[in-house]
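# Chains, contacts and geometry: an overview
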Amino acid sequence: MSITPVITIDGHSGSGKGTISARVAEHLGFRLLDSGALYRALGIAAYNLKIDLNESIQITELMKNIEIKFGANGPGTVLLNGEDITLMVRSELGGKMASKIGAIPEARKALFDMQLAFRDGPGLVADGRDMGTVIFPDALLKIFLTASVQERAERRYKQLIDKGIDAILPDLLRDLKERDKRDMERIVSPLKPAEEAVTIDSTDLSIQTVVDQVLSLFSTVIKKSLQR
Ligand code: DC
């Protein structure tokens, strides 16, 4: 088995996982797995092709016929069968479709090996919902990141307004609550803290404070593993 160390950062939508994972990975020179982007790309593919999400055969067929590439058109870009779908992937629709398709066992199964393949090089930071519980159960450090739903909705609202995109705070709040419920109550790989995860509530913390906490926890874990 690979000995590449893994840090998993799971948690609720809008808890800051993406930004924090990217900064931790950059600081340590580790690879980054944004597993949400895989589910988002798959969700957009299903949406574009009008796939019925209740038809598992259609989902399995879809998986055989799509190729998802990250970063081919520049950092953060996502290509689906050669087409740049970056903007759609990052949209509210992308998040909603990802959460819906993420509840389908066939979709999760199809993405399993693709996610394991990211474990390479000096280390990996894996950002998602089931990174510590299902995909990398032997991770050296498992973080569960959360924040109050009101704070998460306000952060998202600010992000959208800063980008010049119209947004309605009560709608964002409602969508986030729906997404939390779907992600936490699904039968397969529901969002929950891994048994040994360290929970960080980022409601009143700056991004840098959380990054520093994760880096400090990781250096403690590394020291302990070297003493063994
Ligand atoms: O992390 P994100 O907001 O990009 O994720 C979007 C949705 O994708 C999320 O609401 C549920 C789904 N997802 C998942 O089911 N499992 C993952 N490991 C990552 C995301």
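Figured I'd write up the structure that's included with this text. Not measured: the values here are computed from a predicted model.

Basis of the calculations
Residues numbered from 1 in each chain as written. Predicted model: local features only at pLDDT ≥ 70, side-chain atom pairs only at ≥ 80, totals over all residues. Heavy atoms only, no water. Salt bridge = Lys/Arg side-chain N within 4 Å of Asp/Glu carboxyl O. Helix = DSSP H or I, 4+ residues; strand = E, 2+ residues; numbered from the N terminus. Buried < 20%, exposed > 50% of the residue type's maximum accessible area, 1.4 Å probe, protein only. Near = heavy atom within 4 Å. Polar contact = N/O pair within 3.5 Å; in protein donor to acceptor, adjacent residues only side chain to side chain. Areas by Shrake-Rupley, 256 points an atom, 1.4 Å probe, with all protein chains shown as cover. Nonpolar A, V, L, I, M, F, W, Y, C, P; charged D, E, K, R; others polar.

Another point: the pattern of salt bridges. Tallied over the entire structure, the rule returns 15 salt bridges. The closest approach of N and O atoms between Asp138 and Arg119, which form a salt bridge, is 3.1 Å. On the criterion of sequence distance, the pair formed by Asp138 in the loop between α7 (131–135) and β7 (141–146) and Arg119 in the loop between α6 (105–116) and β6 (124–128) is long-range, its members being 19 residues apart. Since its relative accessible area comes to 36%, Asp138 is described here as partly exposed. The partner of Arg129 in a salt bridge is Asp183, with the nearest N and O atoms 3.3 Å apart. Of this pair, Arg129 sits in the loop between β6 and α7 while Asp183 is found in helix α9 (residues 169–185), placing the two residues 54 residues apart along the sequence.

Our focus in this paragraph is the site of the ligand. Among the 17 residues in the neighbourhood of the ligand, the closest are listed as Arg40, Arg108, Arg129, Asp183 and Arg186. Between the ligand and the protein, one listed contact pairs an oxygen atom with a side-chain N or O atom of Lys17 at 3.1 Å. Side-chain polar atom of Ser35 to a nitrogen atom of the ligand: 3.0 Å apart, as the coordinates give it. Expressed as a share of its isolated accessible area of 440 Å², the protein-covered part of the ligand is 95%. When residues of the shell around the ligand are traced back to their parent elements, those giving at least two are α2 (35–48), α5 (92–101) and α9. Residue contributions to the shell around the ligand peak at 4 residues, all from α2. Residues of the shell around the ligand, tallied by class, amount to 3 nonpolar, 6 polar and 8 charged.

Next up on the list: unusual backbone geometry. In the Ramachandran plot, Asn81 falls in the positive-phi region, its phi being about 45° despite a non-glycine side chain. Looking at the element boundaries, Asn81 is found in the loop between β4 (78–80) and β5 (83–84). Even without being a glycine, Ser189 presents a positive backbone phi close to 40°. Along the chain, the position of Ser189 falls in the loop between α9 and β8 (198–201).

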